[in-house]
Amino acid sequence: MRFFRLLKIVLLTSTVFMLGGCRKTMLVNNAIIYLVNLEQATKNIGRIEGESWQSVTIGEYSKEVTAISNNPSTYRFSHWSDGNTEPTRKDLALNSNNSEPIYYYAYFEAIN
């Protein structure tokens, strides 16, 4: 199951915006999915701590997840696919007419 999740290739279909100082995410199909980007996942560079596949009620927040480097002396968290630079996050689910889940990919960078 883990192998399948890491290799799933999808298009990003979420919209993230700021409202009242809080990060808001358009939820589709009540699913928010957090993954390490495909290239780095196959090299075992990082992982997601917490529930990476979540069903979230509209108007509620997802459970907190954190992107963690598997080799902190060589790689560190860089950003999520939506531009968020905090390794720990949770997202508010808002109603949407879209039919696809939201995917967030974690990216890591080499430490020089």
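Our structure's up above, just so we're on the same page.
Residues numbered from 1 in each chain as written. Predicted model: local features only at pLDDT ≥ 70, side-chain atom pairs only at ≥ 80, totals over all residues. Heavy atoms only, no water.

Undergrad: Sorry if this is basic, but what is going on with the overall build of the chain here?
TA: Along the backbone of the chain there are two helices and ten strands. Moving toward the C terminus, one meets the helices and strands of the chain in the order α-β-β-β-α-β-β-β-β-β-β-β. Classification of the 112 residues of the chain by burial places 35% in the buried group. Excluding contacts between residues fewer than 6 apart, the proportion of contacts in the chain whose partners are at least 24 apart in sequence is 68%. When the accessible surface of the chain is split by element, carbon and sulfur atoms take 51% of a total near 6,600 Å². (Helix = DSSP H or I, 4+ residues; strand = E, 2+ residues; numbered from the N terminus. Buried < 20%, exposed > 50% of the residue type's maximum accessible area, 1.4 Å probe, protein only. Contact = heavy atoms within 4.5 Å. Areas by Shrake-Rupley, 256 points an atom, 1.4 Å probe, with all protein chains shown as cover.)

Undergrad: In this structure, what is going on with the sheet that holds strand β6 (residues 65–69)? I would like to understand it.
TA: The strands making up a sheet associate through hydrogen bonds between their backbones, and the pairing can be parallel or antiparallel. Read from one edge to the other, the open sheet built from three strands follows the order β4-β6-β8, with strand pairing classed as antiparallel. Strand pairing shows two members of the sheet lacking a second neighbour, β4 (46–49) and β8 (88–89), which therefore form its edges. Examined bridge by bridge, β4 and β6 share four bridges and lie antiparallel to one another. Bridge assignment links R47 to a residue of β6, and that residue is I68. (Pairing = 2+ DSSP bridges.)

Undergrad: Quick question: what am I supposed to make of the side chain of Q54 here?
TA: Here Q54 is to be found in strand β5 (residues 53–55). Reaching out from Q54, the side chain makes a polar contact with the backbone nitrogen of K63 at a distance of 2.6 Å. Once residues within four sequence positions are removed from consideration, Q54 is found in contact with N30, A31, I32, Y34, S62, K63 and V65. (Polar contact = N/O pair within 3.5 Å; in protein donor to acceptor, adjacent residues only side chain to side chain.)

Undergrad: Please explain the packing of aromatic side chains as it appears in this structure.
TA: Each aromatic ring pair is specified by the distance between its two centres and by the angle formed by the two planes. What the rule picks out here adds up to five aromatic pairs. Relative to W80, the ring of F77 has its centre 5.8 Å away and its plane inclined at 55 degrees; by these criteria the two rings are tilted. A network of ring pairs unites the aromatic residues Y34, F77, W80, Y104 and F108 as a single cluster. Sitting over the face of the ring of W80, R89 holds its NZ or CZ atom 5.2 Å from the ring centroid. The ring of Y104 has R89 lying over it, and the distance from NZ or CZ to the ring centre is 3.9 Å. (Phe/Tyr/Trp six-rings, centres within 6.5 Å; stacked < 30°, edge-to-face > 60°. Lys NZ or Arg CZ within 6 Å of the ring centre and 35° of its normal.)

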